[in-house]
Amino acid sequence: MAEKTSNGGMFVQKEAKKLKRALTLIPLSGLIYFTVCGGSFGIEPLVGYAGPGLALLLIALTPIIFSLPNLLIVRELQTMMPAQGGYYHWIKRAFGPFAGFLAGWNNWVVSWLDVSIYPVFAALYLSAFIPALDEGATIFGIAVSASFLQWLVAVIMIWFVGWLQIRGSRATGLFTNSLGVFMIIPLGILAMLGFYAWIKSGATPTLPFLPGGEQINFDTLTAAFSTGLFVVMWNYMGWELPSAAGDEVVEPRKNYPRAMAIVLVLAILTYALPVTGALMGGAGEDGRYTVWGIEESEEGVGIAPEVADYGITAEQIDSWGVSSSGDATGWEFPQIGQVIAAKISGDANSPLALFMVIILTISAVLSMTGLFIGNSLGGSRVPFALAEDGMFPRWMVKVHPMYGTPYIAILVVSVVYTIFATNAFAFLVVADVFMQLLVVLAEIAALWVLRRTEPDRPRDRVPGGIWGLSLASFSLAGIIMIAFVSQIIEEGWGSIGVALVLMAIGAVLYFPIRRLIKPGVPDIDPFEAGVGDD
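Residues numbered from 1 in each chain as written. Predicted model: local features only at pLDDT ≥ 70, side-chain atom pairs only at ≥ 80, totals over all residues. Heavy atoms only, no water.

Participant: Describe unusual backbone geometry, listing the residues and the values that go with them.
Facilitator: With phi around 45°, E251 is a residue other than glycine that occupies positive phi space. Within the secondary structure, E251 sits in the loop between helix 11 (218–234) and helix 12 (252–283). Residue E251 is classed as partly exposed on the basis of its relative accessible area, which comes to 27%. Within the chain, D286 stands out as a residue other than glycine whose phi angle is a positive 55°. Along the polypeptide, D286 turns up in the loop between helix 12 and helix 13 (304–307). (Helix = DSSP H or I, 4+ residues; strand = E, 2+ residues; numbered from the N terminus. Buried < 20%, exposed > 50% of the residue type's maximum accessible area, 1.4 Å probe, protein only.)

Participant: If you had to explain the pattern of salt bridges to someone new, which residues and values would you point to?
Facilitator: For the coordinates displayed, the defined rule picks out 11 salt bridges. The closest approach of N and O atoms between K92 and D523, which form a salt bridge, is 3.5 Å. Linking K92 in helix 5 (residues 87–95) with D523 in the segment after helix 20 (494–516), this pair joins segments that are 431 residues apart in sequence. Classification of K92 as buried rests on a relative accessible area of 11%. On the basis of relative accessible area, D523 is assigned to the partly exposed category, the value being 45%. In this structure, K254 and E251 form a salt bridge, with 3.4 Å as the shortest nitrogen-oxygen distance. K254 sits in the partly exposed class, given a relative accessible area of 45%. A single network of salt bridges, built from pairs that share partners, joins K92, D389, K518 and D523. (Salt bridge = Lys/Arg side-chain N within 4 Å of Asp/Glu carboxyl O.)

Participant: So, empty space enclosed by the protein: which residues are in play, and what are the values?
Facilitator: Applying the stated criterion across every chain, the model contains four cavities of 30 Å³ or more. Looking at the largest cavity, its volume works out to about 230 Å³. Looking at the largest cavity, it is lined by 26 residues, and the ones nearest its centre are T35, D114, Y118, N375 and Q436. At the level of elements, helix 2 (25–36), helix 6 (97–115), helix 16 (351–388) and helix 18 (432–453) are the ones that each hand at least two residues to the lining of the largest cavity. (1 Å grid on protein atoms, 1.4 Å probe; cavity = no way out; pocket = protein on both sides within 12 Å on 5 of 7 lines; lining within 4 Å. Points joined across faces, edges and corners; volume = space filled by probe spheres on them.)

Participant: Go over the confidence of the model for the protein with me, naming the residues and quoting the values.
Facilitator: Taken residue by residue, the protein gives an average pLDDT of 87. The fraction at 70 or more is 95%. Note on residues 1–5: pLDDT under 50 across the span, and four contacts to partners over four residues away in sequence or across chains. (pLDDT = per-residue confidence, 0-100. Contact = heavy atoms within 4.5 Å.)

Participant: I'd like to hear about the side chain of S243, residue by residue, with values.
Facilitator: Here S243 lies in the loop between helix 11 and helix 12. Taking relative accessible area as the criterion, S243 reaches 1% and is therefore assigned buried.

Structure follows, in structure tokens:
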């Protein structure tokens, strides 16, 4: 038995050495961009629920108080331990194998819940071009529901991306770069048309700080801030996830920090320019901002009840081209682009307006595709890293002999994504932000521990010495705790309860895995792993 487990350990080590370093700066930047940002889509509810003024303030402040501290902490940890598995090893080294396993388990489960929804969103956007995805169809005399067709489109995307990732991380990264270029052009056009419409009109629209022009006091500001903060954090998080592919990055100690800096600038511009241009160019005037990203609270009632408290009538909503009782959601960027084009041309059905709807819908599909690719990278690399460390079945560490990628782990997560890419699991998605932010809190604590236990390890330290680290840590941890409290106040304990149950499952699984799978597989040295060609 001992010989068998020893041979198993040798098999794991042999397979892990087959990983190829292929992610250079540009493709790595593309993957991180689509992990953290992925375009402007998804930021619309920030304006509708928080109000234009607060939305613009949060877009400006969040990179400073949330993204930059997160980036600096991840940079120090990653340059110290650029191993495959990233945050799994950081937290394991600081707090032991149980904490490391839970961190890996948490973010792997997050990938099931969060990543699986992007192909579904892509199918929903495609319904603008393929009505059957919204209405269903009859194929060979058999009635096929819209939800099944959406799932079918999602499955095609999942397995195409799985095939792409097996072909190599570099090919995947370059593909996301291409997606990013074609995705960002329509958003750039939207921003430019918005600013042009504003200048042409000669007047600045009145945009209140809070939704409905509510008076600013503790209660109204807290309600809008808590909702808006959750939305904007979701659109700025994920800096640590690509670190799970540390052994596939060329010169990881140099390229990962550079890529994060590039992405931070791109993310700020991606959110700030289209939102500002659209608000000033006509999509924010006369209360129109109130329908940005708004969703009906109960199926079939429409969005009118959601904005009634702001003095917006159903007749106004209908005049804006949104069915107050029939539409489940308000404006997203394709509709916002149409409004701006109508402001310029004077006709909501003008060629310019229809052009904006088409290119922004295509941009949204590309965004969802890129988000799926970027976020699914960690979804396959985490189980590989756990298997390499003896904490997942050894067959998950198999590396493709030609492409140097963890193809078995990629195939496994593709199956998982296929299962979870249905509306049946949509209610679980609300738990993912809580689970992922818990890992970020663990990373902050891990860095403090490793500063004490591994003081001489080379790394790019958070600037400012102990005071700089304290400022970054308290800023990041503070905004996360505010988000937790606001989530409980606004939504109750439901989503957090779901997250705790999923975490408990991982905690229970740790013990039989440690006893039955781990023996014979030595621990990975995260300081030696990942060094490669540095």
